[in-house]
Amino acid sequence: MSEVDNLFANPFSKVNDFAFDHAVARVFPDMIKRSVPGYPTIIESIGVIAGQYAQPDTLIYDLGCSLGAATQSMRRHLPQQGNRILAVDNAEAMVERCREYLSAQDAMLEEPIAAEVICADITELTLQPCSLVVLNFTLQFVPPEQRLALLRQIRQALLPGGVLILSEKLTFTDSQTQNSLEALHYGFKRANGYSELEIAQKRTAIENVMRPDPLEVHQQRLLDAGFSHSHLWFQCLNFCSMIAHA
Ligand SMILES: C[S@@+](CC[C@H](N)C(=O)[O-])C[C@H]1O[C@@H](n2cnc3c(N)ncnc32)[C@H](O)[C@@H]1O
Ligand SMILES: O=C(O)C(=O)C[C@]1(C(=O)O)C=C[C@@H](O)C=C1
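Thresholds, definitions, all that
- Residues numbered from 1 in each chain as written.
- Chains lettered and ligands numbered in written order.
- Predicted model: local features only at pLDDT ≥ 70, side-chain atom pairs only at ≥ 80, totals over all residues.
- Heavy atoms only, no water.
- UniProt positions renumbered as here; feature names shortened; annotations may be inferred.
- Axes fitted to C-alpha atoms, helices over the stretch in contact; angles between N-to-C directions.
- Helix = DSSP H or I, 4+ residues; strand = E, 2+ residues; numbered from the N terminus.
- Parallel < 35°, antiparallel > 145°, perpendicular 65-115°, else oblique.
- Left-handed = near helix turned anticlockwise from the far one by under 90°.
- Contact = heavy atoms within 4.5 Å.
- Nonpolar A, V, L, I, M, F, W, Y, C, P; charged D, E, K, R; others polar.
- Near = heavy atom within 4 Å.
- Polar contact = N/O pair within 3.5 Å; in protein donor to acceptor, adjacent residues only side chain to side chain.
- Areas by Shrake-Rupley, 256 points an atom, 1.4 Å probe, with all protein chains shown as cover.
- Buried < 20%, exposed > 50% of the residue type's maximum accessible area, 1.4 Å probe, protein only.
- Pairing = 2+ DSSP bridges.

The chain is annotated in an unreviewed UniProt entry as Carboxy-S-adenosyl-L-methionine synthase from Pseudomonas abyssi. The record in UniProt for the chain states the following under Function (unreviewed entry): "Catalyzes the conversion of S-adenosyl-L-methionine (SAM) to carboxy-S-adenosyl-L-methionine (Cx-SAM)."

Printed below as a string of structure tokens:
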């Protein structure tokens, strides 16, 4: 089961780029809960949103599933209506553990919704028709120049009435807002037991691999990808989640 995240607790002579490797997979539930304000609420709400929007007998994608927290939530909330969930991640360490977690969940649910975990790059997948797609803190790790093409693919795969749930860390074009929310986010991490060194080293580790966008950039890109409408349903500090309608 999950261990405490102390991956950045000791000083490094050089901080390497963040990777979703075995060390991260081992501590990931603790890391994400202590790093992303509102993460438990977002996970639980994804199940509720899925209950509202997943159409009977259709496919659901969880893209960049990590350990499958969103998939597990959807399986808890969805009525048994012939849905199938495809959870995809390109980090082998995550996929291995995700499969274990979902098998453990199988044993706890009466009629578990079918869920399959695939190790693949989501920018290279051909998506099948589906009613719901989840990108929960994944798009920020996709190279910016590939984001629009991915969203177009998702839009094209969505059935009429289908939705995308898109959760992201945000940046803000107004520097006062940026500085205020960034400082509060570090305060959130501190309150969750991370030291100044851990906060600083993690910041360096993610700066080349995780490139968040402002909300306006997301909204325009969703329109450019063919979504008819998008809106926020959650924001806590500089982290948010949106629903985009096909
Ligand atoms: C912050 S984690 C996502 C958390 C997860 N969705 C959850 O709800 O707990 C980002 C994940 O996206 C995956 N990822 C990043 N780029 C990817 C890509 N091109 N294809 C597949 N997975 C990707 C990473 O391996 C990582 O597991
Ligand atoms: O922005 C940060 O400082 C974070 O730690 C965020 C974040 C994320 O949003 O995915 C970065 C990497 C880990 O996956 C967990 C959390």
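Let's talk about the packing of helix α1 (residues 22-35) against helix α4 (residues 92-106)
Contact geometry of α1 with α4 gives a least axis separation of 8 Å together with a crossing angle of 40°. The orientation of α1 relative to α4 falls into the category oblique. For the pair α1 and α4, the sense of crossing is right-handed. Here His 22, Val 24, Ala 25, Arg 26, Phe 28 and Pro 29 of α1 come into contact with α4, specifically with Ala 93, Met 94, Glu 96, Arg 97 and Tyr 101. Here the contact of α1 with α4 is built from residues that sort into seven nonpolar, one polar and three charged.

Some thoughts on the site of ligand 2
Taken together, 15 residues surround ligand 2, and among them Phe 28, Gln 140, Lys 169, Lys 189 and Lys 202 come closest. Gln 140 places a polar side-chain atom, nitrogen or oxygen, 3.1 Å from an oxygen atom of ligand 2. The separation between an oxygen atom of ligand 2 and a polar side-chain atom of Lys 189 is 2.6 Å. Considering ligand 2 on its own, with 360 Å² of exposed area, one finds that the protein chains cover 98% of that surface. Those elements that place two or more of their residues in the shell around ligand 2 are α1, α6 (175-191) and α7 (196-207). The element best represented in the shell around ligand 2 is α1, accounting for three residues.

Quick notes on the pairing of strand β1 (residues 59-63)
With five of five residues buried, β1 lies mostly within the body of the structure. In β1, alternate side chains face the same way, and those of Leu 59, Tyr 61 and Leu 63 on one face and Ile 60 and Asp 62 on the other are all buried. The sheet contact formed by β1 and strand β2 (residues 84-89) spans five bridges and is parallel. For Leu 63, the partnering residue across the bridge sits in β2 and is Val 88.

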